[in-house]
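In case you want the letters, here they are:
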Amino acid sequence: MTNINRRSVLKGGVALTIGALAAPAIVGRARAAETIKLGSILDTSGIFDAYGKPMDMAMRLAVDQINAAGGLNGQQIEVVSYDTQSDMALYTQYAQQLTRKDKTDVVHGGILSASREAIRQILRKAKMPYFYNVLYEGGVCDRNIVVTGVTPAQQVEVLVPAAIKKWGPKVYILAADYNYGQITARWMEKYAKDAGGEAVSTDFFPLDVADFGSAIAKIQQAAPDVILSALVGGNHLSFYRQWAASGMKDKIPLASTTLGVGNEHKVLTPEEGNGILVAYNYAPAIETPENQAFQTAWTEKYGDTSLIHEIAVSNYQGIQVWAEAVRQGGGTGSEAITKAIEGGLSIVGPGGKVTIDPKTHHATLDVHLMEFENQQMKVLENFDQRPPIDTQAVCDLQANPDDNTQYEIKID
């Protein structure tokens, strides 16, 4: 695929539709001195576009709402966005462009952990505040970054004990073979042990693997009570189809930390997806004024709320956290943002209350235990304000403000 620079700008509440992302475009005039520049880098095309497109839509909705309410400290927000086409090399290129040429005030972006790490040091060196608004493996300790997505301990602490209580103590772990899957698998092993269970096997799969025949045979031989999955992306979606086709789904049930994050459950048939257990910050069925207002605003702007998913909402909430930090800090600079963040800043979004932990710059979030039923998420139980304990165990930016590490979590 040719690497085309796909750029779009939104200013004063004027937005591109998703269809317009197929070609380079600029909306609005050159940046006026009084605007605040928000940079966005996402996979809005390519193999990860099911994650990136709704994230982009959520970002634009949040900016529209902020601008319509008068902007931030009297200034309108102008968006400069880049589509990486699911090419990790373009993350580096566009991060450098945002810092050197576009000179944005903040960057929101990245989906896979590899994309975050491709741009994090560039943004840190430029002292440009960076918001990573995606579920990830935890452990990043960097005063320049704010993380608003759930980390493994927040959801695995809820999911694994529930799965063991429901189905039994013997678990078989399947995970993507990169840092997210590897670290999440260790948390699965820990919480299985804490709940009186055991991991009978843990298998890792590269992101391009789509044939799970041999894995299914191994699982059948091991005969676990439940499968815990941290598989990622479209290729790994094949596992759920092949598992159901093998006739094993009704014999050995599933729980996942990733399925549904990008609305993958809507691609599966009810027969393939029904009964799979998950735990996330957001569920469309949450009955709160904030969620209802969000869904109404989305409908008015885009029409189809079926595109909303976990990390789209996380991106929306991340924009709102940044906006509140600008208000409270009185400016867009790194020190102003950090001062506000380290004051224990909170907002209430579609997924509930989001409170930024001053020590780690990670979010304390509500988590909902859910199962899939006819391609929908059915809420089974709510767990309020789960702290990012996996990161708190190793990161203290108030004591060590110059730390710049992604820690490998040590689990006994």
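Check the entry above for the structure.
**Q** Got a minute to help me understand the nonpolar core in this structure?
**A** Side chains of nonpolar character tend, in soluble globular proteins, to be buried together. Formed by 124 residues in total, the largest nonpolar core has its most connected members in L38, L228, F239, Y240, W243 and W322. Here this core takes 10 residues from helix α10 (residues 310-329), the largest share from any one element. Residues contacting F239, with those up to four places away along its chain left out, are L174, F212, I216, I219, I227, L231 and L254.

**Q** Where do I start with helix α1 (residues 49-68) in this structure?
**A** Residues that lie three or four places apart on an α-helix share one face, since the helix turns once every 3.6 residues. With 20 residues, α1 should cover 28 Å at 1.5 Å per step; its first-to-last C-alpha distance of 28 Å lies within 8% of that length. Counting buried residues in α1 gives 15 out of 20 residues, a clear majority hidden from the surface. G70 lies just past α1 and shows a positive phi near 110°.

**Q** Honestly, helix α3 (residues 113-125) in this entry has me stumped. Any pointers?
**A** In this model, α3 (13 residues) spans 19 Å end to end at C-alpha, consistent with the 18 Å of a helix rising 1.5 Å per residue. Of all the bends in α3, the greatest, near 30°, is centred on I119. When α3 is considered as a whole, its buried residues turn out to be S113, S115, R116, I119, R120 and L123. Directly beyond the C-terminal end of α3, a positive phi value near 55° is found at K127.

**Q** Help me out: how do you make sense of the pattern of salt bridges in this one?
**A** Oppositely charged side chains may form a pair once their charged atoms are brought near each other. What the rule picks out here adds up to 15 salt bridges. Across the salt bridge formed by R116 and E117, the nearest N and O atoms sit 2.8 Å from each other. The partner of E324 in a salt bridge is R327, and the shortest N-O contact between them spans 3.0 Å. Taken together, the residues span about one helical turn, with E324 and R327 both in helix α10 at a distance of three residues. Through salt bridges with shared partners, a single network forms among R116, E117, R120, R124, E137 and D142.

**Q** How should I be thinking about the packing of α1 against helix α9 (residues 289-302) in this particular structure?
**A** Between two packed helices, the angle of one axis relative to the other and the distance separating the axes together describe the packing. Taken N-terminus to C-terminus, the directions of α1 and α9 make an angle of 100°; their axes are 11 Å apart at the nearest point. The angle between the axes of α1 and α9 places the two elements in the roughly perpendicular class. For the pair formed by α1 and α9, the contact residues are P54, M57, A58, R60, L61, D64 and Q65 on the first element and F294, A297, W298, K301 and Y302 on the second. Grouping the constituent residues of the contact of α1 with α9 by class yields eight nonpolar, one polar and three charged.

**Q** Would you explain the side chain of E371 in this entry?
**A** For E371, the location among the structural elements is in strand β15 (residues 363-373). With no salt bridge to any partner, buried E371 finds its closest opposite charge in K378, at an N-O distance of 4.3 Å. Leave out the neighbours within four places in its chain, and E371 touches G275, I276, L277, Q376, M377, K378 and L380.

**Q** Where do I start with the packing of aromatic side chains in this structure?
**A** Across all of its chains, the model carries 13 aromatic pairs by this definition. Aromatic rings pair up to connect F205, F212, F239, Y240 and W243 into one cluster. Between K190 and the ring centre of Y191, over which it is positioned, the NZ or CZ distance is 5.2 Å.

**Q** Looking at this structure, I do not really get the packing of helix α2 (residues 88-102) against α3. What am I missing?
**A** Remark: α2 packs on α3, axes separated minimally by 9 Å, with the N-to-C direction vectors making an angle of 25°. Between α2 and α3, the angle is such that the two are roughly parallel. Seen from above, α2 lies across α3 with right-handed handedness. Residues M88, Y91, T92, A95, Q96 and T99 of α2 touch α3, and the partners they reach there are A114, S115, A118, I119, I122 and L123. For the contact of α2 with α3, the class distribution of residues is eight nonpolar, four polar and no charged.

Rules used throughout
- Numbers given to residues run from 1 along each chain, matching the order in which its sequence is written.
- At least 70 in pLDDT is required for a residue's local features to be given in this predicted model, at least 80 for side-chain atom pairs to be given and counted, and no such filter applies to totals for whole chains, interfaces and linings, which use all residues.
- The basis for every side-chain value is the complete set of non-hydrogen atoms in the structure, without hydrogens or water.
- What we call a nonpolar core is a set of buried Ala, Val, Leu, Ile, Met, Phe, Trp, Tyr and Cys residues that are connected through their side-chain atoms within 4.5 Å.
- Any residue under 20% of the maximum accessible area for its type is buried, any over 50% is exposed, and the rest in between are partly exposed; the area is computed with a 1.4 Å probe on protein chains only.
- Secondary structure elements follow DSSP: runs of H or I of four or more residues count as helices, runs of E of two or more count as strands, with numbering from the N terminus.
- In what follows, residue pairs with any heavy atoms lying within 4.5 Å of each other are defined as contacts.
- In a helix, the anticipated span is given by 1.5 Å times the number of residues less one.
- Note that bend, as reported per residue, equals the angle between axes fitted to the 7 residues terminating at that residue and the 7 residues originating from it.
- By convention in these notes, a salt bridge is any Lys or Arg side-chain nitrogen within 4 Å of a carboxyl oxygen on Asp or Glu.
- Angles shown run from 0 to 180 degrees and are taken between the N-to-C directions of axes, each axis being a line fitted to C-alpha atoms and, for helices, limited to the stretch in contact.
- Should an angle fall under 35 degrees it is called roughly parallel, over 145 degrees roughly antiparallel, and 65 to 115 degrees roughly perpendicular, with every other angle called oblique.
- Amino acid classes used here: Ala, Val, Leu, Ile, Met, Phe, Trp, Tyr, Cys and Pro are nonpolar; Asp, Glu, Lys and Arg are charged; the rest, including Gly, are polar.
- Positive charge is attributed to Lys and Arg, negative charge to Asp and Glu, and no charge count is given to His or to the chain ends.
- Classification of ring pairs rests on two measures: the distance between centres of Phe, Tyr or Trp rings, Trp counted by its six-membered ring, which must be within 6.5 Å, and the angle between planes, read as stacked under 30 degrees, edge-to-face over 60 and tilted in between.
- Both a distance and an angle decide whether a charge sits over a ring: NZ of Lys or CZ of Arg must be within 6 Å of the ring centre and within 35 degrees of the ring normal.
- Helix crossings get a hand from a simple test, with the near helix turned counterclockwise from the far one by less than a right angle marking a left-handed crossing and a clockwise turn marking a right-handed one.

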